[in-house]
Amino acid sequence: QVQLVESGGGLVQAGGSLRLSCAASGRTFTSYAMGWFRQAPGKEREFVAAINWSGENTLYADSVKGRFTISRENVKNTVYLEMNSLKPEDTAVYYCAVGGWGTDEVSWTYWGRGTQVTVSS
């Protein structure tokens, strides 16, 4: 059974940093793209970042470009999201996704349960 488990969320002050991790299990994902989405209270889930199977290609939402960095370790079946210069508007539940590509969530196959990120002003 496929499982995606996110970790690393928490409470941070504006301007601070957090590093999210998502460990995948149940199968090997080395040939799959991995990504992150987020959902703020009262809003729809939105795309944050994605990385292809080799790590050579990445995609970012305009709102996080230059502040967030996605990376992966295939040997660990893990994807990371390094978040710097955090803003209160980054507050959301962050979800890991695997097996898709692009900004549309319907394109992604597997989902984690999410980890809360709260940025205080």
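Further up the page is the structure itself.
Residue numbers here run from 1 along each chain, matching the order of that chain's written sequence. Restriction of local features to residues with pLDDT of at least 70 applies here, the model being predicted, together with a cutoff of 80 or more for giving and counting side-chain atom pairs; totals for whole chains, interfaces and linings are based on all residues. As a rule here, side-chain values cover all heavy atoms of the structure and leave hydrogens and water aside.

A. Representation of the state of the cysteines in the model. Disulfide: a pair of cysteine sulfur atoms within 2.5 Å of each other. The final tally for this structure, using the stated rule, is 1 disulfide. With a sulfur-sulfur separation of 2.1 Å, Cys22 is cross-linked through a disulfide to Cys96. In this structure, the disulfide formed by Cys22 and Cys96 twists by about -80° around the S-S bond and is classed as left-handed. In this pair, Cys22 sits in strand β3 (residues 18-25) while Cys96 sits in strand β9 (residues 92-98), placing the two residues 74 residues apart along the sequence. Each member of the pair, Cys22 together with Cys96, is buried. Strands are runs of DSSP state E lasting at least 2 residues, helices are runs of H or I lasting at least 4, and numbering of each runs from the N terminus. Three labels apply to residues, based on accessible area from a 1.4 Å probe with only protein chains included: buried if under 20% of the type maximum, exposed if over 50%, partly exposed otherwise in between.

B. Local environment of the packing of aromatic side chains. Each Phe, Tyr or Trp ring (for Trp, its six-membered ring) is paired with any other whose centre lies within 6.5 Å, and the angle between the two planes then decides the class: stacked below 30 degrees, edge-to-face above 60, tilted in between. Per the stated rule, a full pass over the model turns up 5 aromatic pairs. Among the aromatic residues, those joined into a ring-pair cluster are Phe37, Phe47, Trp108 and Trp111. Working rule: Lys NZ or Arg CZ, within 6 Å of ring centre, within 35 degrees of ring normal, means a charge sits over the ring. Over the ring of Tyr80 we find Arg19, and its NZ or CZ is 4.0 Å from the ring centre. The side chain of Arg45 reaches across the aromatic face of Trp111, ending 3.9 Å from its centre.

Honestly, it's all geometry; don't read function into it.
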